[in-house]
Amino acid sequence: MRIALIGYGRMGQAVERVATARGHAVVGVIHRATPRSERESLAHAAEALIDFSHASAVAESVELALGAQRPLVIGTTGWDAQREAIAQRVRESGGSVIYAPNFSVAVQLYLQHAAALAAQLLRLESWDVAIEEIHHRGKADAPSGTARALAERLQRAAQPPREAVYPAPTEHRLTENQFAIGVLRLGSEFGTHRLLLDGPYDWIEITHRAKSRDGFAYGAVRAAEWLRRRTGFYHFQEVLNEILSHTEEE
Ligand SMILES: NC(=O)c1ccc[n+]([C@@H]2O[C@H](COP(=O)([O-])OP(=O)(O)OC[C@H]3O[C@@H](n4cnc5c(N)ncnc54)[C@H](OP(=O)(O)O)[C@@H]3O)[C@@H](O)[C@H]2O)c1
């Protein structure tokens, strides 16, 4: 498959490495300063676009992909407020887009199981929950897309309902129905997420720690392969089911 990358930072380079190893060709890179005409011709020359850039670029990437009628994988985070409007625009235009705040297969499973465990424990008396994420200094958004996704799942699953709070309040207490998201920025950390559960007799911590960026890149490339013959706005869950059933796309 011929792939065009939007953004060529830490993740763009990891995607190039993984895509090449899977037999694909990166036919070009769209940088912040790439002129519109060049973006369009690159999009037409590619069979799929993969965006790991900046939240401010996502709407433009979607329009580029819709205009060229090419599938688009979005790994960029920090654009949650636009997500519903963009998903609707893609569906109405017959485009193909897949988004995940975290394309690691292990993280997707982590999210499912961690949220399910938390939902069960939070039904018991006196259990409390918090989320902590640690990323490298260069990360542009906070909390991470993955921490937000975990928080969303907890908010949906917890009974009685709980609301995620970031940053934690400094001049008053958390209320009974709130929980905190903690954020650390440190060195070159690829990404650590920790779910903390505090009960009257027990403490549970479930941690995912990425050992490199290649796991995210692998998921994004698999998503591009999966998206080729589909239209709609998708989340990584559908690709995950296919990866877990061990079927490879031709
Ligand atoms: N979904 C996942 O699995 C996953 C995993 C890791 C990271 N991420 C997310 O992916 C994004 C990129 O992460 P990263 O670590 O690769 O960041 P990075 O190293 O800062 O790279 C981002 C690149 O995008 C470029 N860029 C910025 N605006 C652009 C535009 N309008 N058009 C084209 N390129 C543009 C930047 O160029 P300049 O240097 O000129 O600004 C930079 O080269 C972030 O949102 C991050 O949270 C997602």
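Placed above this text is the structure.
Calculation notes
Residues numbered from 1 in each chain as written. Predicted model: local features only at pLDDT ≥ 70, side-chain atom pairs only at ≥ 80, totals over all residues. Heavy atoms only, no water. Helix = DSSP H or I, 4+ residues; strand = E, 2+ residues; numbered from the N terminus. Rg over C-alpha atoms; globule rule 2.2 N^0.38 Å. Buried < 20%, exposed > 50% of the residue type's maximum accessible area, 1.4 Å probe, protein only. Contact = heavy atoms within 4.5 Å. Areas by Shrake-Rupley, 256 points an atom, 1.4 Å probe, with all protein chains shown as cover. Near = heavy atom within 4 Å. Polar contact = N/O pair within 3.5 Å; in protein donor to acceptor, adjacent residues only side chain to side chain. Nonpolar A, V, L, I, M, F, W, Y, C, P; charged D, E, K, R; others polar. Salt bridge = Lys/Arg side-chain N within 4 Å of Asp/Glu carboxyl O. Axes fitted to C-alpha atoms, helices over the stretch in contact; angles between N-to-C directions. Parallel < 35°, antiparallel > 145°, perpendicular 65-115°, else oblique. Left-handed = near helix turned anticlockwise from the far one by under 90°.

Novice: Any chance you could break down the overall build of the chain for me, citing the residues and the numbers?
Specialist: In terms of helices and strands, the chain carries 8 helices and 11 strands. Computed over C-alpha atoms, the radius of gyration of the chain comes to 19 Å, within 12% of the 18 Å expected from 2.2 N^0.38 for 250 residues, which places it in the range of a compact globule. By its C-alpha atoms, the chain is 60 × 40 × 40 Å across when sized along the principal axes. Evaluated residue by residue, the chain yields a buried proportion of 48% over its 250 residues. By sequence separation, contacts in the chain at least 24 residues apart represent 67% of the contacts at least 6 residues apart. Carbon and sulfur atoms provide 50% of the accessible area of the chain, an area that totals close to 12600 Å².

Novice: Break down the site of the ligand for me, citing the residues and quoting the values.
Specialist: Around the ligand, a shell composed of 23 residues is seen, among which Met11, Arg32, Thr77, Phe103 and Lys139 lie nearest. Arg10 has a polar backbone atom sitting 2.9 Å from an oxygen atom of the ligand. Here an oxygen atom of the ligand and a backbone polar atom of Met11 are 2.8 Å apart. When grouped by side-chain class, the residues that make up the shell around the ligand number 9 nonpolar, 9 polar and 5 charged.

Novice: So, the pattern of salt bridges: which residues are in play, and what are the values?
Specialist: Pairing is possible between side chains of opposite charge, provided their charged atoms come close. Across all of its chains, the model carries 16 salt bridges by this definition. A salt bridge links Glu133 to Arg185; its shortest N-O distance comes to 2.7 Å. In this pair, Glu133 is assigned in strand 6 (residues 128-135) and Arg185 in strand 8 (residues 178-185), connecting sequence segments 52 residues apart. As a salt-bridge pair, Glu205 and Arg194 come within 3.9 Å of each other at their nearest N and O atoms. Of the two residues, Glu205 sits in strand 10 (residues 203-209) while Arg194 sits in strand 9 (residues 192-198), which places them 11 residues apart along the sequence.

Novice: Account for the packing of helix 7 (residues 214-227) against helix 8 (residues 236-244), naming residues and giving values.
Specialist: Close contact between helix 7 and helix 8 brings their axes to 10 Å; oriented N to C, the two are set at 95°. By the angle class used here, helix 7 and helix 8 are roughly perpendicular. Taken together, the residues of helix 8 that come into contact with helix 7 (itself represented by Gly219, Arg222, Ala223 and Trp226) are Phe236, Glu238, Val239, Glu242 and Ile243. The class makeup of the residues in the contact of helix 7 with helix 8 is 5 nonpolar, 1 polar and 3 charged.

Novice: Which residues make up the packing of helix 1 (residues 10-21) against helix 7, and what values do they have?
Specialist: Put simply, helix 1 and helix 7 touch, their axes get as near as 8 Å, and they point 65° apart. The handedness of the crossing between helix 1 and helix 7 comes out as right-handed. Here Met11, Ala14, Val15, Arg17, Val18 and Ala19 of helix 1 come into contact with helix 7, specifically with Asp214, Phe216, Ala217, Tyr218 and Val221. Looking at the contact of helix 1 with helix 7 residue by residue, the class counts come to 9 nonpolar, no polar and 2 charged.

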